[in-house]
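Residue-level structural notes
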Amino acid sequence: LGIMFSRGFCLVPEKFADPARERDLLAEVAILGPKDKVHSFRIPEFGAVAVYSFSEEEDKGELPRQIWMLQSLASDTENYNRIIAAVDGGRLYLVMAQGRSLLLCSNYSCSDFTTAQYYIFAAMKKFQLNPQVSTVRFCTPLSDEEIQSLCNYFRKVDVF
């Protein structure tokens, strides 16, 4: 996919979303350049608004990949525990839902795949998700060894 991840990204509950405050909200969690444009996108499936920006050079009017991950999470009706992850640019991007509830949408610095697995399992433990009955879907490429490592714990591993 040509869609990029946005380092400046946050979710706001719809009832607290205010277009006049989007830049201030995003500046609380991300470093914004003075020329960076701030955008928003409603994600009604989770009652949230994504607020994001790209650097001035990167901003091509596209949605960040995190939104695509959230939409994929919401459209997955096959699994009760839903986990979508991606490793890109030294970061793990992770979204999790259980039933109709969004549990997590975050990213973590990770220098290797073992660290990425650590964050996935720590988040699952926090939300009491059992990997043996869960599917994890990666939207970035994984090596055969990485897939096999995940298969030791998860019911199913998808890479798309």
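A brief look at the structure comes next. Nothing here was measured: the structure is a model prediction, and the numbers come from that model.

1. Description of the overall build of the chain
Summing up its helical and strand segments, the chain has 4 helices and 8 strands in all. Ordered by position from the N terminus, the helices and strands of the chain form the series β-α-β-β-α-β-β-β-α-β-α-β. The C-alpha atoms of the chain give 16 Å as radius of gyration, which agrees with the globular expectation for 160 residues (15 Å, within 12%). Projected onto its principal axes, the C-alpha positions of the chain cover 45 × 30 × 25 Å. Evaluated residue by residue, the chain yields a buried proportion of 42% over its 160 residues. Restricting to contacts in the chain with at least 6 residues of sequence separation, those with at least 24 account for 49%. Taking the 17 positively charged and 20 negatively charged side chains of the chain as two groups, their mean positions are separated by 6 Å.

2. A closer look at the sheet that holds strand β7 (residues 135-138)
Strand order across the open sheet formed by 5 strands is β6-β5-β4-β7-β8, with mixed pairing between neighbours. Every interior strand has two partners, whereas the edge strands, β6 (101-109) and β8 (156-159), have only one. The sheet shows a mean angle of 15° between the axes of neighbouring strands, direction not considered. Here β7 pairs with β8 via 4 bridges, running parallel. Pairing of F138 across the sheet is with V159, part of β8. This element, helix α3 (residues 113-126), spans β4 (81-88), β5 (91-98), β6 and β7 of the sheet and lies at about 25° to β5. In the packing of helix α4 (residues 144-151) onto the sheet, the strands contacted are β7 and β8, and the crossing angle to β8 comes to about 150°.

3. Quick word on the side chain of S6
Of note, S6 is situated in the segment before β1 (8-13). Taking relative accessible area as the criterion, S6 reaches 0% and is therefore assigned buried. Within the structure, S6 has its side chain in polar contact with the backbone oxygen of G8 (distance 2.7 Å). Filtering out sequence-adjacent residues up to four positions away, S6 remains in contact with Y52, S53, F54, P64 and Q66.

4. A short note on the sheet that holds β1
Taken in spatial order, the 3 strands of this open sheet run β1-β3-β2, and their pairing is antiparallel. Only two strands of the sheet have a single neighbouring strand rather than two, namely β1 and β2 (38-43). Taking each pair of neighbouring strands and ignoring which way they run, the sheet shows an average axis angle of 20°. Here β1 pairs with strand β3 (residues 48-53) via 6 bridges, running antiparallel. Paired with P13 across the bridge in β3 is A48.

5. Topic: the environment of E57
For E57, the position within the fold is in the loop between β3 and α2 (65-75). Remark: the alpha-carbon pair of E57 and T114, spanning 57 residues in sequence, is separated by 32 Å.

Rules behind the numbers
Residues numbered from 1 in each chain as written. Predicted model: local features only at pLDDT ≥ 70, side-chain atom pairs only at ≥ 80, totals over all residues. Heavy atoms only, no water. Helix = DSSP H or I, 4+ residues; strand = E, 2+ residues; numbered from the N terminus. Rg over C-alpha atoms; globule rule 2.2 N^0.38 Å. Buried < 20%, exposed > 50% of the residue type's maximum accessible area, 1.4 Å probe, protein only. Contact = heavy atoms within 4.5 Å. Lys, Arg positive; Asp, Glu negative; His and termini not counted. Charge placed at Lys NZ, Arg CZ, Asp CG, Glu CD. Pairing = 2+ DSSP bridges. Axes fitted to C-alpha atoms, helices over the stretch in contact; angles between N-to-C directions. Polar contact = N/O pair within 3.5 Å; in protein donor to acceptor, adjacent residues only side chain to side chain.

Geometry only, nothing functional implied.
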